Amino acid sequence: MKKIKLDIVGLSYSQTQSGAYALVLGEVSGRRRLPIIIGSFEAQAIAIEIEKMTPSRPLTHDLFKSFAEAYQIEVQEIIIYNLVDGIFYSKLICSDGKRSVEIDARTSDAIAIAVRFDCPIFTYEFILSTAGIVIEGNDFVYLENINETQEEKTVNTSTVGSGFASLSVDELKTKLQEALAEESYEKAAKIRDELNKRKAS
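So, a few notes on the structure that sits alongside this text. Nothing here was measured: the structure is a model prediction, and the numbers come from that model.

Basis of the calculations
- Here the residue index of a chain counts from 1 through its sequence in written order.
- Given that this is a predicted model, residues contribute local features only at a pLDDT of at least 70 and side-chain atom pairs are listed and counted only at 80 or more, while totals for whole chains, interfaces and linings are drawn from all residues.
- Think of the side-chain values as coming from all heavy atoms in the structure, minus any hydrogens and water.
- Here the term patch refers to residues with relative accessible area over 30% and no salt bridge, with like charges joined within 9 Å and nonpolar side chains (Val, Leu, Ile, Met, Phe, Trp, Tyr) within 5 Å.
- Here, Shrake-Rupley sampling with a 1.4 Å probe gives the accessible areas, and only protein chains in the shown set may cover a residue.
- Any carboxyl oxygen of Asp or Glu that lies within 4 Å of a side-chain nitrogen of Lys or Arg is treated as forming a salt bridge with it.
- Counting from the N terminus, the helices are the DSSP runs of H or I reaching at least four residues and the strands are the DSSP runs of E reaching at least two.
- Throughout this description, buried means an accessible area under 20% of the type-specific maximum (1.4 Å probe, protein chains only), exposed means over 50%, and partly exposed covers the range between.
- In this analysis, two residues are considered to be in contact whenever any of their non-hydrogen atoms come within 4.5 Å of each other.
- Within 3.5 Å is the distance limit for a polar contact, defined as a pair of N or O atoms, with the added protein rule that one can donate a hydrogen and the other accept it, and that residues adjacent in sequence qualify only through two side-chain atoms.
- As used here, the term nonpolar core means buried Ala, Val, Leu, Ile, Met, Phe, Trp, Tyr and Cys residues forming a set that is joined through side-chain atoms within 4.5 Å.
- By the convention used here, strands pair only if DSSP detects at least 2 bridges between them.
- In this analysis, the protein atoms alone were mapped onto a 1 Å grid. Cavities are point sets where a 1.4 Å probe fits without being able to get out; pockets are open sets with protein on both sides within 12 Å along at least five of seven lines; lining residues have an atom within 4 Å of a point.
- Grid points are joined across faces, edges and corners, and a volume is the space filled by probe spheres set on the points.
- Each residue gets one label: Ala, Val, Leu, Ile, Met, Phe, Trp, Tyr, Cys and Pro are nonpolar, Asp, Glu, Lys and Arg are charged, and the others, such as Gly, are polar.

Details of a nonpolar patch on the surface
A cluster of nonpolar side chains, namely Phe-67, Tyr-71 and Ile-73, defines an oily patch on the protein surface of about 330 Å² accessible area. Its place among the elements puts Tyr-71 in the loop between helix H2 (60-70) and strand E4 (74-84). Since its relative accessible area comes to 54%, Tyr-71 is described here as exposed.

Right, here's the structure in full:
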């Protein structure tokens, strides 16, 4: 089966599911997007690495990377290989230079590991055909509500964290550092979203 390469194109708070985030993967050579609902911990783990934030202590996925590197194990790629009853199934393709091993993983954990190892993410055509959406135009930024009907599938660029809207950029950066120091990663992610919103406007 031919693999299709994906990139992370959006990660934001989902207003439709309390405590959940929408991770959106995009087809590298096409216009299809694959939205995946993930938990707040995994969303924070992904966002922290993407934004190159430095937590005061290693997170679980950082520990996994340190452990793997200590034993010369490399994660070569991530494959989202199945979709059953709305649940995505993924695996890590790992190598120690002599043999390659496939390890089953939750998709959110697999993506969090992928961003740390800077390895490619793949899926198959049947998954994109089943769960993917097509984005028209070039204005895709964040997907806030993946439960919209086909007719309503437009991009909502507003971000959660409107409580930070009245703060200046410098104040937001200070709050971000404070949140990281307190290991309040969900708050840090919301502040980061507000900063990104300011940059985009």
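Having seen the model, we can carry on.
A look at the pattern of salt bridges
Once the charged atoms of two side chains with opposite charge are near each other, the side chains can pair. Counted by the stated rule, this structure contains nine salt bridges. Two residues, Glu-49 and Lys-52, come together in a salt bridge whose shortest N-O distance is 3.3 Å. Residue Lys-52 is classed as exposed on the basis of its relative accessible area of 58%. One continuous salt-bridge network, built from bridges that share partners, spans Glu-27, Arg-32 and Glu-125.

Focus on unusual backbone geometry
With a phi close to 55°, Gln-72 is a non-glycine residue in the positive phi region. Mapped onto the elements of the fold, Gln-72 is located in the loop between H2 and E4. In the Ramachandran plot, Asp-85 falls in the positive-phi region, its phi being about 50° despite a non-glycine side chain. Checked against the element boundaries, Asp-85 lands in the loop between E4 and strand E5 (87-95). Asp-85 gets classed as exposed once you look at its relative accessible area, which sits at 77%.

Describing the environment of Asp-62
Relative to the helices and strands, Asp-62 resides in helix H2. For the pair Asp-62 and Ala-112, spaced 50 residues apart in sequence, the C-alpha separation works out to 9.2 Å. Apart from residues no more than four positions distant in its own chain, Asp-62 is found in contact with Glu-49, Pro-55 and Arg-116.

Focus: the side chain of Glu-77
When you line up the elements, Glu-77 lands in strand E4. There is a polar contact of 2.8 Å between the side chain of Glu-77 and the side chain of Lys-3. Apart from the residues lying within four places of it in its own chain, the contact partners of Glu-77 are Lys-3, Lys-91, Leu-92, Ile-93, Cys-119, Pro-120 and Phe-122.

Structural notes on the nonpolar core
One finds Leu-25, Leu-34 and Ile-80 to be the most contacted residues of the largest nonpolar core, which totals 32 residues. Of all the secondary-structure elements, those providing two or more residues to this core are strand E1 (3-13), strand E2 (20-27), strand E3 (32-39), helix H1 (40-50), E4, E5, helix H3 (107-117) and helix H4 (125-131). Top contributing element to this core by residue count: H3, with six residues. Leu-59, Phe-164, Leu-167 and Ala-179 belong to the second-largest nonpolar core, a separate cluster that totals 12 residues.

Topic: the sheet that holds strand E6 (residues 100-106)
Read across the sheet, eight strands follow the order E6-E5-E4-E7-E1-E2-E3-E8 without closing on themselves; strand pairing throughout is mixed. The open sheet has two edge strands, E6 and strand E8 (133-134), and neither has a second partner. Sheet topology places E4 next to E5; nine bridges connect them, and they run antiparallel. Of the residues in E5, the one forming a bridge with Asn-82 is Tyr-89.

Thoughts on the layout of surface pockets
Of the volumes computed, that of the largest pocket is approximately 300 Å³. Looking at the largest pocket, it is lined by 17 residues, and the ones nearest its centre are Ile-36, Ile-37, Gly-86, Ile-87 and Phe-88. Elements represented by at least two residues in the lining of the largest pocket include exactly E3, E5, E6, H3 and H4. Roughly 200 Å³ of internal volume is contained in the second largest pocket. In this structure, the second largest pocket is lined by Lys-5, Leu-6, Asp-7, Ile-8, Ile-50, Ala-114, Val-115, Asp-118, Cys-119, Pro-120 and Ile-121. Considering each element in turn, the lining of the second largest pocket owes the most residues, four residues, to E1. When the residues that make up the lining of the second largest pocket are grouped by side-chain class, the tally is eight nonpolar, no polar and three charged.

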